[in-house]
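Geometric and topological summary
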Amino acid sequence: MAEEFTKEELTLPPCKYEYLDHTADVQLHAWGDSLKEAFEQCGIAMFGYMTELDTVEIKHCSEIEANGHDIESLLFHFLDELLFLFSCEPFLICSKLTITEFKAEGEEMRIKCKCYGEEFTLGKHPQGTEVKAITYSAMQIVNKPEQSRADVFVIIDI
Amino acid sequence: MVVRQYQQELEYLEKTSPYCWRIKKGFQPNMNVEGVFYVNSTLEKLMLDELRNACRPGMIGGFLPGVKQIANVAALPGIVGKSVGLPDVHSGYGFAIGNMAAFDVNNPESIVSPGGVGFDINCGVRLLRTNLFEQDVLPVKEQLAQSLFDHIPVGVGSKGIIPMNAKDLEEALEMGMDWSLREGYIWAEDKEHCEEYGRMLNADPSKVSMRAKKRGLPQLGTLGAGNHYAEIQVVDEIYDKWAACKMGIEEKGQVCVMIHSGSRGFGHQVATDALVQMEKAMKRDNIETNDRQLACARINSVEGQDYLKSMAAAANFAWVNRSSMTFLSRQAFAKQFRMAPDDLDMHVIYDVSHNIAKVEEHIVDGKPKTLLVHRKGSTRAFPPHHPLIPVDYQLTGQPVLIGGTMGTCSYVLTGTEHGMLETFGSTCHGAGRALSRAKSRRNLDYTDVLRKLEYMGISIRVASPKLVMEEAPESYKNVTDVVNTCHAAGISKKCIKLRPIAVIKG
């Protein structure tokens, strides 16, 4: 897994997410200057619930693709792909996501994303909470391009 | 959601007994049947507070209260009897957690809903007994807790240690505990004391996505995180000596092991896949529901049947999972006491699932009917003489295992005839959350929680420190309130109370 990364790739983005109250589960609230950034932040927020992200080094990069028929399902499948990346080979825990293709209009929406991180290792990465599934429950996506602001809210089942 | 003031909402609710409330039609649109929920005065307050909060003006980013969710389920096509809320009910995904609903299989409109089962398919509780007593275990309690923690993989990112390849997984999905038996992980009599004998016959692994199998393979034989646990418990109280005797529990102080876990990433992915499929089926068949989360499909549609077959495979996965951890627990005890698990009498008392949908025969309005019973956060509780419970429990009624939370008591109940009539043979499943996870993290202190557990004489091994606050007893409803309500309402009967002395958690 000895891959070479540029300095830019190794630079982590600022933290633009928080965890909100929900009785049984947790609600992720992520934001950014664009919808793309809010999506990236939302993915990181999910990984941040699984471990302490400052223990994660960037040693590996995987590329994922997610499709959706509307914006909600696009976000749903994007997060589901990320969860899948963590749950089995390569067991990747990510501290940085870079969306390289973001098509959020029309019938067939698509995201391609580079996921930077390393294999989850007991002993190195503190065990946080396990994410069972992504849900549509109270999912909200608010995009205000004129104000350069986007917010997403997702409840993950834990 | 209908927008009304809290006072107006209350007009649709009627207290019919000190333990039971009725939800009248009209509380939510299109209700086919009425709703009902069982609470005592303490739990009633929590339930109504949830509703009052949801009625506050200007609520955004909020979620539906449990009582509204029960009513939305009552609006699903093909539902019979009532939509039932058990005493531990709280808001969940689509269905409330602690919600049961039965659908007439012979009505072509009837539906099956993955939300009525939950993401953790066949999450359940297993109880093992031993012939040890508290004084035998106390001197080695720390070592034993550590040994259990070392044997059972726990927490996020842990991998199973039972050797498995893709072919083994296929067989395990199809065979359930018959696979565990064939591979030598369990005893033949374990199967007897398990719902469905640890194998759902309609399981079809070919209906399960590759994705679910990939997620499942590394996680087989792992406990998981969240509210899952393995506990060493001692008998604290015996309410029904005769029934306890039938379960091999003789006296106070006897040591038991309780395992609470489910189908792990496998079941979560099966549920996720089904929800995606069903969204399409709903559009095609024009199925209208009050809530997008109540994604469902007709029982007899392709999607409905595929879900039931893959859900059964996930149920089998969960039984194999709990069986693998039974094996590991027996090993841990055997090593500590240098005795064979056989000689320690480590038999399975019973194994219940509290997230599942099953086809069962029930009497509705005096006539026998075949129903698809959804139990989400609800445990089957069949009465004495029911044909589906093992011969050992024919006279006592099915043992019902109610897991508490870290540091609180757990209970064994038995099923009753009254429960069979009122709730389709269903009862509560555990404590049920009262505080949100984030609120628990803010309000509780890690060291305080640990000190309190130590004071109570409970050893704890936990993989994630954050979880200690989230899962602290203060975050949950009082399990004793929940169980007493079930007992008082007559839907199940108290038999044994267990107190933890060591907890292993993710």
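Residues numbered from 1 in each chain as written. Chains lettered and ligands numbered in written order. Predicted model: local features only at pLDDT ≥ 70, side-chain atom pairs only at ≥ 80, totals over all residues. Heavy atoms only, no water.

Where an unreviewed UniProt entry is consulted, chain B appears under the name RNA-splicing ligase RtcB homolog, with the organism given as Molorchus minor. What UniProt states about chain B under its Sequence similarities (unreviewed entry) heading is, verbatim, "Belongs to the RtcB family." Per UniProt, chain B has the following entry under Subunit (unreviewed entry): "Catalytic component of the tRNA-splicing ligase complex." (UniProt positions renumbered as here; feature names shortened; annotations may be inferred.)

If you check an unreviewed UniProt entry, chain A appears there as Archease domain-containing protein from Molorchus minor.

1. Some remarks on the interface of chain B and chain A
Between chain B and chain A, the contact holds 46 residues from the first and 42 residues from the second. Overall, the association of chain B and chain A removes approximately 3,700 Å² of surface from exposure, summing both partners, and the carbon and sulfur fraction of that is 53%. At the boundary of chain B with chain A, the tally comes to five salt bridges. Arg-211 of chain B serves as the salt-bridge partner of Asp-80 of chain A, at 3.3 Å between the closest nitrogen and oxygen. Scanning the region where chain B abuts chain A turns up eleven residue pairs in polar contact (both at pLDDT 80 or more). Grouping the amino acids of the side of chain B that touches chain A by side-chain chemistry returns 15 nonpolar, 15 polar and 16 charged. (Contact = heavy atoms within 4.5 Å. Buried area = accessible area lost by both parts, 1.4 Å probe. Salt bridge = Lys/Arg side-chain N within 4 Å of Asp/Glu carboxyl O. Polar contact = N/O pair within 3.5 Å; in protein donor to acceptor, adjacent residues only side chain to side chain. Nonpolar A, V, L, I, M, F, W, Y, C, P; charged D, E, K, R; others polar.)

2. Quick look at the UniProt feature "binding site: Mn(2+) 2" (unreviewed entry) in chain B
Residues and elements named next belong to chain B. UniProt records the feature "binding site: Mn(2+) 2" (unreviewed entry) for Cys-123, His-260 and His-354 in the present numbering. Sequence-wise these annotated residues cover 232 residues; spatially they are packed, their C-alpha atoms never more than 10.3 Å apart. Restricting the annotated residues to those that line the largest cavity leaves Cys-123, His-260 and His-354. When you line up the elements, Cys-123 lands in the loop between strand S6 (111–112) and strand S7 (124–133). The class of Cys-123 is buried, set by a relative accessible area of 5%. (1 Å grid on protein atoms, 1.4 Å probe; cavity = no way out; pocket = protein on both sides within 12 Å on 5 of 7 lines; lining within 4 Å. Helix = DSSP H or I, 4+ residues; strand = E, 2+ residues; numbered from the N terminus. Buried < 20%, exposed > 50% of the residue type's maximum accessible area, 1.4 Å probe, protein only.)

3. Let's talk about the packing of aromatic side chains
This structure, assessed with the given rule, holds 15 aromatic pairs over all chains. Taking 4.5 Å as the distance between ring centres and 5° as the angle between the ring planes, the aromatic pair formed by Phe-76 of chain A and Tyr-136 of chain A counts as stacked. With Phe-76 of chain A in helix H3 (residues 71–87) and Tyr-136 of chain A in the loop between strand S6 (133–134) and strand S7 (140–144), this pair connects stretches of sequence that are 60 residues apart. For Tyr-136 of chain A, a relative accessible area of 13% puts it in the buried group. Measuring from ring centre to ring centre gives 6.0 Å for Tyr-350 of chain B and Tyr-393 of chain B, while their planes differ by 80°; the resulting arrangement is edge-to-face. Highlighted residues: Tyr-350 of chain B in strand S11 (residues 348–353) and Tyr-393 of chain B in the loop between strand S14 (379–380) and strand S15 (399–402), separated in sequence by 43 residues. Since its relative accessible area comes to 0%, Tyr-350 of chain B is described here as buried. We classify Tyr-393 of chain B as buried; its relative accessible area is 1%. Among the aromatic residues, those joined into a ring-pair cluster are Tyr-17, Tyr-19 and Tyr-49 of chain A. In this structure, Lys-68 of chain B packs its charged tip against the face of Phe-27 of chain B, placed 4.0 Å from the ring centre. A cation sits over an aromatic face here: Arg-292 of chain B above Tyr-136 of chain A, 4.3 Å from the ring centre. (Phe/Tyr/Trp six-rings, centres within 6.5 Å; stacked < 30°, edge-to-face > 60°. Lys NZ or Arg CZ within 6 Å of the ring centre and 35° of its normal.)

4. Description of empty space enclosed by the protein
To find leftover empty space, one rolls a probe the size of a water molecule over the atoms. Counted according to the given criterion, the structure contains five cavities of 30 Å³ or more. Within this model, the largest cavity holds a volume of roughly 490 Å³. In this structure, the largest cavity is lined by 33 residues; those nearest its centre are Lys-132 of chain A together with His-90, Ile-97, Asn-227 and His-429 of chain B. The class makeup of the residues in the lining of the largest cavity is ten nonpolar, 14 polar and nine charged. Estimates place the volume of the second largest cavity at around 140 Å³. The wall of the second largest cavity is formed by 17 residues, among which Phe-86, Ser-87 and Glu-130 of chain A together with Gly-157 and Gln-219 of chain B lie closest to the centre. Those elements giving two or more residues to the lining of the second largest cavity turn out to be H3 of chain A together with helix H11 (264–285) of chain B. For the lining of the second largest cavity, the class distribution of residues is seven nonpolar, six polar and four charged. (Points joined across faces, edges and corners; volume = space filled by probe spheres on them.)

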